Amino acid sequence: VRTHYKFAKPPSPNLDKLRRVLTEKLTPVHFRMKNDAGYTNYVWDMHFHGIMCSPKFEGKSYKEMNQIVDTICDEVGMKGRVKLHCQPP
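Residues numbered from 1 in each chain as written. Predicted model: local features only at pLDDT ≥ 70, side-chain atom pairs only at ≥ 80, totals over all residues. Heavy atoms only, no water.

Chemist: Sorry if this is basic, but what is going on with the overall build of the protein chain here?
Modeler: Counting its regular elements, the protein chain contains two helices and three strands. Secondary structure elements of the protein chain occur, N-terminal to C-terminal, as α-β-β-α-β. In terms of overall dimensions, the protein chain has a C-alpha envelope of 55 × 25 × 20 Å along the principal axes. Looking at the protein chain residue by residue over its 89 residues, the buried ones come to 29%. Pairs at least 24 apart in sequence give 61% of the contacts found in the protein chain among residues at least 6 apart. Here the protein chain has roughly 6200 Å² of accessible surface; of this, 55% comes from carbon and sulfur atoms. Positive and negative side-chain charges in the protein chain, numbering 15 and 9 respectively, have mean positions lying 7 Å apart. (Helix = DSSP H or I, 4+ residues; strand = E, 2+ residues; numbered from the N terminus. Buried < 20%, exposed > 50% of the residue type's maximum accessible area, 1.4 Å probe, protein only. Contact = heavy atoms within 4.5 Å. Areas by Shrake-Rupley, 256 points an atom, 1.4 Å probe, with all protein chains shown as cover. Lys, Arg positive; Asp, Glu negative; His and termini not counted. Charge placed at Lys NZ, Arg CZ, Asp CG, Glu CD.)

Here it is as C-alpha cells:
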C-alpha cells in the first residue's frame, strides 16, 4: 500500500544547485524559484521561473540585472532556462 510516496517531490538537482548558487552570490532579501510547469513533466528540472529581490540590484537597469543572473546561471550550466523577475529592495 502506497500512501504519501505518491506525492513526494521527485529529485531536482539542477533546481537545488541554482537556488544554492544564486543565494550565495546575490544574497537575496526575497527569493522564490520553481520548475516551469509550461514545459510539462517531460523536461522536469530543466526550465525554471521565479522572483528575486536582492540588494546587489540597487542602481542597476533591468538589462544589467538579467545579465548578472544569466552569468550566474551560465556557471551552473542553465543559461537561457531561467526566467527571474528581478527587483531591487
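Chemist: Looking at this model, I keep getting lost on the pattern of salt bridges. Mind explaining?
Modeler: Between side chains of opposite charge, a pair can form as their charged atoms come close. Scanning all chains against the criterion turns up three salt bridges. A salt bridge links K25 to E75; the shortest N-O distance between them is 2.9 Å. Note that K25 is positioned in helix 1 (residues 13-26) and E75 in helix 2 (residues 62-76), a separation of 50 residues in sequence. For E75, a relative accessible area of 53% puts it in the exposed group. Note that K83 and D36 form a salt bridge whose closest N and O atoms lie 3.9 Å from each other. Of this pair, K83 sits in strand 3 (residues 82-87) while D36 sits in the loop between strand 1 (30-35) and strand 2 (48-53), placing them 47 residues apart in sequence. D36 sits in the buried class, given a relative accessible area of 17%. (Salt bridge = Lys/Arg side-chain N within 4 Å of Asp/Glu carboxyl O.)

Chemist: Is there a simple way to think about the environment of L26 in this case?
Modeler: In this fold, L26 is placed in helix 1. Sequence-wise, L26 and S54 are 28 residues apart; in three dimensions their C-alpha atoms are separated by 6.3 Å.

Chemist: What is the right way to look at unusual backbone geometry in this model?
Modeler: Outside of glycine, negative phi angles account for most residues, and trans bonds account for most peptide bonds. Of note, T27 is a non-glycine position whose phi angle comes to about 40 degrees, a positive value. In this structure, T27 sits in the loop between helix 1 and strand 1. Even without a glycine there, the phi angle at D45 is positive, about 70 degrees. The residue D45 is located in the loop between strand 1 and strand 2 in this model.

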